[in-house]
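# Descriptive structure summary
The lines below spell out each chain.
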Amino acid sequence: MRRRILLAILLAVAVTAAALGIPLGITAWKLVDSITTEDLGARASQIAATLDTDLADGALSKDDLATVAVAIPPGGRLTVELPGQPAQAEGSDPGGDVVTARVQLARDGTLELAIPAGPTRSRQTTVTLAVLLLVVLSVSIGTVVATVTARRLAKPLRHVAERAAKLGGGDFRPDPSRYGVGELDMVAEALDTSGSALAQLVQRERQLVGDVSHQLRSRLTALQLRLESLTIVDDKDIAEEAHAAQEQADRLSEALEELLAAARAASEVDAEPVELATALPEVAKEWRQLLRAEGRNLRLKIGDGLIARATPGRLREVVGVLLDNALRHGAGTVTLAARRGDAEGTMVIEVTDNGSGIPDQLVPHVFERGFSGGGSTGVGLALARALAEADGGRLELSSRRPAVFSLFLRVPSPGDVREVRWPSERVPR
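Now for a quick tour of the structure. (Residues numbered from 1 in each chain as written. Predicted model: local features only at pLDDT ≥ 70, side-chain atom pairs only at ≥ 80, totals over all residues. Heavy atoms only, no water.)

Another aspect to go through is helix α7 (residues 312-329). If you check α7, its first and last C-alpha atoms are 26 Å apart, about what 18 residues at 1.5 Å a residue would give, namely 26 Å. Judged by how many residues are buried, α7 sits mostly within the fold: 15 of 18 residues are covered. (Helix = DSSP H or I, 4+ residues; strand = E, 2+ residues; numbered from the N terminus. Expected span 1.5 Å × (residues − 1). Buried < 20%, exposed > 50% of the residue type's maximum accessible area, 1.4 Å probe, protein only.)

As a further point, take the environment of Leu220. Within the secondary structure layout, Leu220 lies in helix α4 (residues 182-230). When its relative accessible area of 8% is taken as the criterion, Leu220 is described as buried. For the pair formed by Leu220 and Asp250, sequence separation is 30 residues and the distance between their alpha carbons is 8.4 Å. The contacts of Leu220, once residues within four sequence positions are left out, are Ala249, Leu252, Ser253 and Leu256. (Contact = heavy atoms within 4.5 Å.)

Let us now look at the nonpolar core. Leu315, Leu323, Leu336 and Ile349 are the most contacted members of the largest nonpolar core, which totals 52 residues. In terms of residues, this core owes the most to one element, α7, which gives eight residues. The residues that make up this core include at least three from each of domain 2 (182-265) and domain 3 (271-410). Beyond its immediate chain neighbours, meaning those up to four positions away, Leu336 contacts Leu280, Ala284, Leu298, Arg299, Leu300, Lys301, Val319, Leu323, Ile349, Glu350 and Val351. (Core = buried A, V, L, I, M, F, W, Y, C linked by side-chain atoms within 4.5 Å. Domains from an automatic or database assignment.)

To continue, consider the pairing of strand β3 (residues 98-104). Only one face of β3 is covered, namely the one carrying Val99, Ala101 and Val103; the face carrying Val98, Thr100, Arg102 and Gln104 has none of its residues buried. Examined bridge by bridge, β3 and strand β4 (residues 110-116) share seven bridges and lie antiparallel to one another. Counterpart to Val99 in the pairing with β4 is Ile115. With antiparallel pairing between neighbouring strands as the criterion, β3 and β4 make up a hairpin whose turn holds five residues, including Arg107 at a positive phi of roughly 60°. (Pairing = 2+ DSSP bridges.)

A word on the packing of α7 against helix α8 (residues 380-390). The geometry of α7 relative to α8 is characterised by a closest axis approach of 9 Å and an angle of 150° between their N-to-C directions. Of the possible angle classes, the one that applies to α7 and α8 is roughly antiparallel. In the packing of α7 onto α8, the handedness of the crossing is left-handed. Seen from α7, the contacting residues are Arg314, Glu317, Val318, Val321, Leu322 and Asn325; seen from α8, they are Gly380, Leu381, Leu383, Ala384, Leu387, Ala388 and Ala390. Per-class residue counts for the contact of α7 with α8 are nine nonpolar, two polar and two charged. (Axes fitted to C-alpha atoms, helices over the stretch in contact; angles between N-to-C directions. Parallel < 35°, antiparallel > 145°, perpendicular 65-115°, else oblique. Left-handed = near helix turned anticlockwise from the far one by under 90°. Nonpolar A, V, L, I, M, F, W, Y, C, P; charged D, E, K, R; others polar.)

In structure tokens:
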């Protein structure tokens, strides 16, 4: 895109320079010739006026030509021709390539003033080169303007494309970046709006699935208990029917578990091995600047060789929510750490700050949607937990004072994609 914009602007500048520079150069060449001819003609007319006065008193003598010699340009030659008299000349020979001016004299005489054409050609060449230099300068300025404009347009377009890619990868955080270009700012606003809508949609979907599965499991468990009590009654027919109904309830419970497992597997389809030593510093780099603006620091501690199975966009989103929570509601230095989990096959990412912690009355509700103790929307932590669960992970509040949020992720299994990818890349499937 940048190359196309640059070439389009340069082409427009080159066409404009050619359309103006060529006619301007030709005009300048002819203008110098015209000025020289007019100046020579004016000199010839002045000399002719003086010689006409001398001719009125009698024949033209050599002394009369010497009198007007001062009006002859350097290197020029004055030639006077009168009827019945030989031609008389004054001045030096101008050579073969000359510029001449002819004027009629009294008594049908003719005056010719000639000068070498070399100085005139030199002036024409100088003026033409000046015009050419002006054209080159215009093209150079146009190139600089084209480069700056192309960069100014291409960089926001790349940023918008990256923002759209992050949105598709599950990173729903709004991006405050704006570009000073009305149309691109409208696209950025639309992406932020879409991201918020998708975040709420994902959170509602996860909440609905959780609520439905919980309610169904509770009802099925109660039904199985009731049927189990009926299988031990004395009436043989009732016991057999209860036993058959219990088998159907067991099958329904197994089908529910299979559906939930399939839903979890579908949500994890984009999960891939992510090297935490690469992914987390990228997130920390963004939030470190925001914390420094508040006079706070971000400390990063990552164990060696840690690889987790996650969707890169969701991982950035969850860690971003936790860091944003620490920025808004915490205090002091924020620590982003990654280590191996206590359980085999797990990784833990922890976000800690040195603030006063979370009040006891808020602890049971920190992950509830719409609940906030600090004036925020109350969506962030609920969405972060939903995204963590979508990747087969778990987000928990590990400590109240100081506040420590722990993101538990699985270690990639041998059946997962082998190649570790950067967070912004996609593994071909």
